4 protein chains.
Amino acid sequence: MFSMAFAAMVPHHAAIVIGDRIMSDHKPLHFVTLLGSLRKASYHGAVVRALPTLAPDDVTIEPLGSVGDFPLYNADIQAVGFPAAVLAMGEAIAKADGVIIVTPEYNYSVPGVLKNALDWLSRLPTQPFAGKPTVIQTGSPGLVGGARAQYHLRQSLVFLDATVMNKPEVMISQIMTKVDAATGQLTDEATRTFISTQLTAFASFARR
Amino acid sequence: MFSMAFAAMVPHHAAIVIGDRIMSDHKPLHFVTLLGSLRKASYHGAVVRALPTLAPDDVTIEPLGSVGDFPLYNADIQAVGFPAAVLAMGEAIAKADGVIIVTPEYNYSVPGVLKNALDWLSRLPTQPFAGKPTVIQTGSPGLVGGARAQYHLRQSLVFLDATVMNKPEVMISQIMTKVDAATGQLTDEATRTFISTQLTAFASFARR
Amino acid sequence: MFSMAFAAMVPHHAAIVIGDRIMSDHKPLHFVTLLGSLRKASYHGAVVRALPTLAPDDVTIEPLGSVGDFPLYNADIQAVGFPAAVLAMGEAIAKADGVIIVTPEYNYSVPGVLKNALDWLSRLPTQPFAGKPTVIQTGSPGLVGGARAQYHLRQSLVFLDATVMNKPEVMISQIMTKVDAATGQLTDEATRTFISTQLTAFASFARR
Amino acid sequence: MFSMAFAAMVPHHAAIVIGDRIMSDHKPLHFVTLLGSLRKASYHGAVVRALPTLAPDDVTIEPLGSVGDFPLYNADIQAVGFPAAVLAMGEAIAKADGVIIVTPEYNYSVPGVLKNALDWLSRLPTQPFAGKPTVIQTGSPGLVGGARAQYHLRQSLVFLDATVMNKPEVMISQIMTKVDAATGQLTDEATRTFISTQLTAFASFARR
């Protein structure tokens, strides 16, 4: 019982770890979403919009700016100064408790527009992914659900030293059947439930 | 000897295959280079500029336009019409006898700017990489020489149905020591020789 | 029309290539299958058994010996002499017109038992995969159909210098629903048709 | 100061986390090594033997049994019962505070003998890699140092839900020049120092 008393004595957000047990006062978490598609009616955009409603209590989720606001990476531009959109996204990631990357797969890999954003962010003096809890969600029109993009993205995230959650993995097959094209809402209940499960796991992961 | 006589009868560029033997009139080849870096003083740009001088006889090598002229891929832009730079590069690849991709590795993978170009080209009504002989050259400041980018690129090229040469692989380690920064020339003799060997192999590969 | 007359003059199995056209007398082909599972009631074994009935005319398909007959790779054993099973499989591959690798995915990659076989075969004085037409078929209990194993396998096959067909790719999702457990037959018609399509493409690929 | 007093009250190995600060009583750690080569004079075996001398204080490192004691994975054998060597290795990993995988690269990927061991271990009722701190060391005769094997191994470790350290990565290029063939000792000072740096980072990683 002393742990409760002790918790009252220490600053907000403290966790006391004894052996393998973690007693937490459920620190509120703020996650940000990074979307790998620029299409207005993007199915993955529909997923991003659904995330706040699928998050567990005490978790807020907010979209980062668009990767479409970044120029193509060029070290000569960087030498003059980082674009404002890059700096802003870097700061938003740095302040967040975790990053949720939601992306289609293009040509069996990560979309160029998303990789271009990572290439910019990776050069920031304070590289924002270092040690940052990160999780991936992909989808595709076929059955594979973007799996090929996930492991390429993970390889880049090793270099960026992100703390990427292993499981559960969200790979949304036949994504166009799971979004209502008229309203742009992620309507498939099984998908919503599974994403919700991943977000709950990610909240625990980010609190460790 | 009839093969020579026969060759005279058939259209230019014919090859006669009998069993495993190939008798060729050494069709002249035209290769194009696709550069994955936008930096003006790019080391990989120095490699691209050196290639024509390292090619075997009967092989010309010409740079494609810059991937920096492409917008970030967006299906909404595509719906309005492919950008002129994308169409032009697609046509240049379609007419070429082979493509040489020369690229740095960013964040353990293909640079976003190069992947973005592939994402655009892959959507062209006549996808230009289909069946196209293709070879890869990477470099890096460290010892690994861009190897990690090569296999991610190969995975995309499976989807694009390119005919990618396996060996020899060009991975230029410590690339900054192999280019003269003052003149922007690829000066390292061992690297020049090895690239020349790859280009000779690639010419045979493209003639098959 | 002279090409037909000419064809009559040349040895069996000649192909005359003029420009892009290939006229072939449909050389009979002999393919061998390499199975990546040792389980007696293997679903992938059912696929291997079905292949001869799904092949196009003039194509015979025969299973290689079991990868279960190889010892774990050890260079000290190799120094004494290659095991007979390794030598026999190497010769069978060398004589074949193409190799069909049929394998499950274990732990998001190539099964150790299959990779072990490749590790042995790769050390043979005449490495049998060099230039050998090769195609991949994977399956899995889930939706991804073994896709993750395919690209790891392709990376090894780059080193082995195999000539691997890009498309169509066979990835059998929910493979247990496509095999009749009682008879061990691949019964799913859509899967049979798709495999047949791949085999027809592979025959053309191997004849090039 | 109360944290020290508190530490005295709690069981051994407690860590008290307040905000971002970690105060640790430097729990002793026990790591185990998993070697991916069976050759008696293996260069990677020399690395494994050197690790205990390169570890930080309070860290002991002990080799696991040989992956050469495992049969080729076969679900039919598993159905009868896990081999004793598999059970023993699974228990040793489960009890350890972390796993150090030391392996060559074969055919641009993970050696079959190592993958076979993972395939067995992955089927144990209590899968021992789940949540287990894990780090990778590879080497090769060339410059790439086994990098290609590292990311394939990492992909399997995602499925196994291991907690794999990102950095620093140990890739030993030209490994035969760094081991004294006569004594079988890892003699290269730069390599020893770098490995020592990784082990220190891994001890911190495992204590989190």
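The structure under discussion appears in the preceding block.
Residue indices begin from 1 for each chain and proceed along its sequence in written order. The naming scheme follows written order: chains are lettered A onward, ligands numbered 1 onward. Confidence filtering applies because this is a predicted model: local features only for residues at pLDDT of at least 70, side-chain atom pairs given and counted only at 80 or more, and all residues used for totals across whole chains, interfaces and linings. For the side-chain quantities, the full set of heavy atoms in the structure was used; hydrogens and water were omitted.

Draft legend 1. Up close: unusual backbone geometry. The omega torsion of the bond from A:Lys167 to A:Pro168 falls at -5°, within 30 degrees of zero and hence cis. Residue position: A:Pro168 is located in the loop between β7 (163-164) and β8 (170-172). Phi at C:Tyr108 is positive, roughly 60°, even though this residue is not glycine. When you line up the elements, C:Tyr108 lands in the loop between β5 (98-104) and α5 (112-121). Here's how the labels work: a residue is buried when its accessible area is under 20% of the maximum for its type, exposed when over 50%, partly exposed in between, all with a 1.4 Å probe on protein chains only. Residue classification places C:Tyr108 among the buried residues on the basis of a relative accessible area of 7%. Even without being a glycine, D:Asp161 presents a positive backbone phi close to 60°. Under the relative-accessibility criterion, D:Asp161 is labelled partly exposed at 28%. A run of DSSP states H or I qualifies as a helix once it reaches four residues; a run of E qualifies as a strand once it reaches two. Both are numbered from the N-terminal end.

Draft legend 2. Focus on the environment of A:Arg148. With respect to the element layout, A:Arg148 can be found in helix α6 (residues 147-159). We classify A:Arg148 as buried; its relative accessible area is 10%. Sequence spacing of A:Arg148 and A:Thr138 is ten residues, and the spatial spacing of their C-alpha atoms is 9.4 Å. Contacts are assigned to residue pairs with any non-hydrogen atoms lying within 4.5 Å of each other. In contact with A:Arg148, other than residues within four places in its own chain, are A:Glu105, A:Tyr108, B:Gln155, C:Ala147, C:Tyr151, C:Glu169 and C:Met171.

Draft legend 3. Up close: the interface of chain B and chain A. In this complex, chain B contributes 32 residues to the contact, which on the side of chain A involves 32 residues. What gets called buried area is simply the loss in accessible area from a 1.4 Å probe that two parts show on being joined, summed for both. Taken together, the two surfaces of chain B and chain A that pack against each other cover about 2,700 Å², and 58% of this comes from carbon and sulfur. Here, a salt bridge means any Lys or Arg side-chain nitrogen found within 4 Å of an Asp or Glu carboxyl oxygen. Put simply, chain B and chain A have zero salt bridges between them. N or O atoms closer than or at 3.5 Å make up a polar contact, with two conditions inside protein: a donor-capable atom paired with an acceptor-capable one, and, for residues adjacent in sequence, both atoms drawn from side chains. Taken together, the links from chain B to chain A amount to 20 residue pairs in polar contact (both at pLDDT 80 or more). Among the secondary structure elements, those contributing two or more residues to the side of chain B that touches chain A are α3 (75-80), α5 (112-121) and α6 (147-159) of chain B. Residues belonging to the side of chain B that touches chain A are distributed by class as follows: 15 nonpolar, ten polar and seven charged. When residues are grouped by polarity, Ala, Val, Leu, Ile, Met, Phe, Trp, Tyr, Cys and Pro land in nonpolar, Asp, Glu, Lys and Arg in charged, and all others, Gly among them, in polar.

Draft legend 4. Structural detail: the packing of helix α5 (residues 112-121) of chain A against α5(B). To get an axis, a line is fitted to the C-alpha atoms, and for a helix only the part in contact is used. The angle between two axes follows their N-to-C directions and goes from 0 to 180 degrees. Between α5(A) and α5(B), the least distance of the axes is 7 Å, while the angle of their chain directions is 170°. Comparing the axis directions of α5(A) and α5(B) gives the class roughly antiparallel. Only B:Gly112, B:Val113, B:Lys115, B:Asn116 and B:Asp119 of α5(B) make contact with α5(A), whose side of the interface consists of A:Gly112, A:Val113, A:Lys115, A:Asn116 and A:Asp119. Classifying every residue of the contact of α5(A) with α5(B) gives two nonpolar, four polar and four charged. Note on angle classes: values under 35 degrees are labelled roughly parallel, values over 145 roughly antiparallel, values of 65 to 115 roughly perpendicular, and the remainder oblique.

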